[in-house]
Amino acid sequence: MKKEDEKVLSGMVMEVSGASYVVITDTGTEYRCRTFPGTKTENGDTTLVAVGDRVELKIIETGTKLHEAAITFVLPRRTALTRKRDVRRNRSKEKVQVIAANIDQLVIVVSAFEPLLNTRLVDRYLVFAESEQMESVIVVNKMDLDDSSETRELMAPYHALGYRIIYTSAEEEHGMEELQEALAGKLSAFSGHSGVGKSTLINQLSGQQDRLRTGETNVKTGKGLHTTTNAVMLALPCGGHLIDTPGIREFNLSDITRDNLRFYFKEFLPLMQQCAYSSCSHTVEPDCAIVQAVESGRLDPDRFESYLALYESID
Ligand SMILES: Nc1nc2c(ncn2[C@@H]2O[C@H](COP(=O)(O)OP(=O)(O)OP(=O)(O)O)[C@@H](O)[C@H]2O)c(=O)[nH]1
Ligand SMILES: [Mg+2]
Ligand SMILES: [Zn+2]
């Protein structure tokens, strides 16, 4: 091995396939990598290497085409998007399975139609993002199918709460500049119901058509067929990176409890102290400031409905 090959390189994991990883170094070279028994990590008993991880490499071989390296060190993660534990399929040894690491923002993708905009799902995602202390952006795609003002009316409460909403049509290439601007310089995770157009948006953004497979919407159910399985990171021409993730059903939501759910509806926070009981769940207690605010129109009743539905769904 030549001497200059022995210096430590650092980079980011772009792709995971089995025990093989694609890492791009800070100077822009791609390496096909493996771990070895001496690979060190700062992340405890979790997935050793995930998409988005910052790693250090030792070069094994520098061929003309394929660069190969060993991952020597996995740096501490700022954030981790983790997978729900599947007891039936728990082949891996680690306690926590990481889908993606170091995400700056969760991009919640919904569509105006096919599938119809579902604000309950938006609320589930927002609660998740708040609980993980991740920034969130809401993308409403397929606006070319929207011939009324209904979609924007449905989104008005989110706008009022200060969430950033970007209206797009991947099909007609509308709103793409605004989306690019929101993604620039950040690591974003795209998530949303199957068929809303995540892969189509990502293909548009990457400038590489068909980089990700897109699915035809199922004619019978109106739902998209789920075509995205692996987390793969894309480098965007605008300088950001993004990851297409599985839907929220695959996420680990075990940190959200009946006790802490109320803290993830940010409009509740300024009113909560006025509830008669300091630990008020805003469900059955008397003199609840949240219920009163909903009744007097100060809080959005749909958001409160989402809160109640989520509260009920947690055991
Ligand atoms: N009319 C319209 N159709 C769109 C738009 N964006 C995507 N589609 C179509 O919607 C269908 C589903 O798109 P995908 O990009 O595969 O959806 P996805 O969110 O990646 O779906 P999963 O990978 O299953 O989660 C495809 O037939 C797309 O052509 C849009 O802006 N307008
Ligand atoms: Mg997809
Ligand atoms: Zn209350």
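Because the structure is a prediction, the values reported are computed rather than measured.

(A) Fine view of the packing of aromatic side chains. This model, assessed by the stated rule, comprises eight aromatic pairs. Ring centres of Tyr307 and Tyr311 lie 6.0 Å apart, and the angle between their planes is 40°; this geometry places the pair in the tilted category. Of this pair, Tyr307 and Tyr311 both sit in helix α6 (residues 301-313), four residues apart, which is roughly one turn of the helix. A single burial state applies to Tyr307 and to Tyr311, both of which are buried. Cluster of aromatic residues (ring-pair linked, three or more members): Phe265, Phe268, Phe304, Tyr307 and Tyr311. The side chain of Arg152 reaches across the aromatic face of Tyr167, ending 4.0 Å from its centre. When the ring centre of Tyr163 is taken as reference, the NZ or CZ atom of Lys266 above it lies at 4.0 Å.

(B) Broad picture of the pattern of salt bridges. With the rule as written, the count across this model stands at nine salt bridges. The closest approach of N and O atoms between Arg54 and Asp26, which form a salt bridge, is 3.0 Å. Remark: Asp26 occurs in the loop between β2 (20-25) and β3 (30-34) and Arg54 occurs in strand β5 (residues 54-62); sequence separation between them is 28 residues. Its relative accessible area of 30% is what places Arg54 among the partly exposed residues. Of the charged contacts, one joins Arg258 and Glu312 as a salt bridge, the two residues approaching to 3.9 Å between their closest N and O atoms. Linking Arg258 in the loop between β14 (241-244) and α5 (289-295) with Glu312 in helix α6, this pair joins segments that are 54 residues apart in sequence. Within this structure, Asp123, Glu267 and Arg303 form a network of salt bridges that share partners.

(C) Geometry of the coordination of the zinc ion (ligand 3). Surrounding the zinc ion (ligand 3) are the protein donor atoms Cys275 (SG), Cys280 (SG), His282 (ND1) and Cys288 (SG), which sit 2.1 to 2.4 Å from the metal. Taken together, the four donor atoms surrounding the zinc ion (ligand 3) define angles of 105 to 114° at the centre, an arrangement classified as tetrahedral. Here the donor residues of the zinc ion (ligand 3) are spaced in sequence according to C-x4-C-x1-H-x5-C. Classification of Cys275 as buried rests on a relative accessible area of 7%. Among the residues examined, Cys280 registers a relative accessible area of 2% and is labelled buried.

(D) Local environment of unusual backbone geometry. Backbone torsion omega between Glu114 and Pro115 reads -5°, so that peptide bond is classified as cis. Inspection of the secondary structure assignment puts Pro115 in the loop between β9 (105-111) and α1 (119-131). The phi dihedral of Glu114 falls on the positive side, at around 45°, and the residue is not glycine. Residue class for Glu114 comes out partly exposed when judged on its relative accessible area of 47%. At Glu173, a residue that is not glycine, the phi angle is positive and equals roughly 55°. The residue Glu173 is located in the loop between β11 (164-167) and α3 (176-183) in this model.

(E) How the structure looks around the pairing of strand β10 (residues 135-141). Where burial is concerned, most of β10 is hidden: six out of the seven residues are buried. Where β9 meets β10, seven bridges bridge the pair, whose relative direction is parallel. Within β10, the residue paired with Gln105 across the bridge is Glu135. Crossover handedness for the path β9 to α1 to β10: right-handed.

Reading the values: the criteria
Residues numbered from 1 in each chain as written. Chains lettered and ligands numbered in written order. Predicted model: local features only at pLDDT ≥ 70, side-chain atom pairs only at ≥ 80, totals over all residues. Heavy atoms only, no water. Phe/Tyr/Trp six-rings, centres within 6.5 Å; stacked < 30°, edge-to-face > 60°. Helix = DSSP H or I, 4+ residues; strand = E, 2+ residues; numbered from the N terminus. Buried < 20%, exposed > 50% of the residue type's maximum accessible area, 1.4 Å probe, protein only. Lys NZ or Arg CZ within 6 Å of the ring centre and 35° of its normal. Salt bridge = Lys/Arg side-chain N within 4 Å of Asp/Glu carboxyl O. Donors = N, O, S within 2.8 Å, 3.2 Å for Na, K, Ca; no water. Tetrahedral: all angles 85-135°; square planar, octahedral: opposite > 155°, others 65-115°. Pairing = 2+ DSSP bridges. Right-handed = clockwise from strand over helix to strand, strands pointing away.

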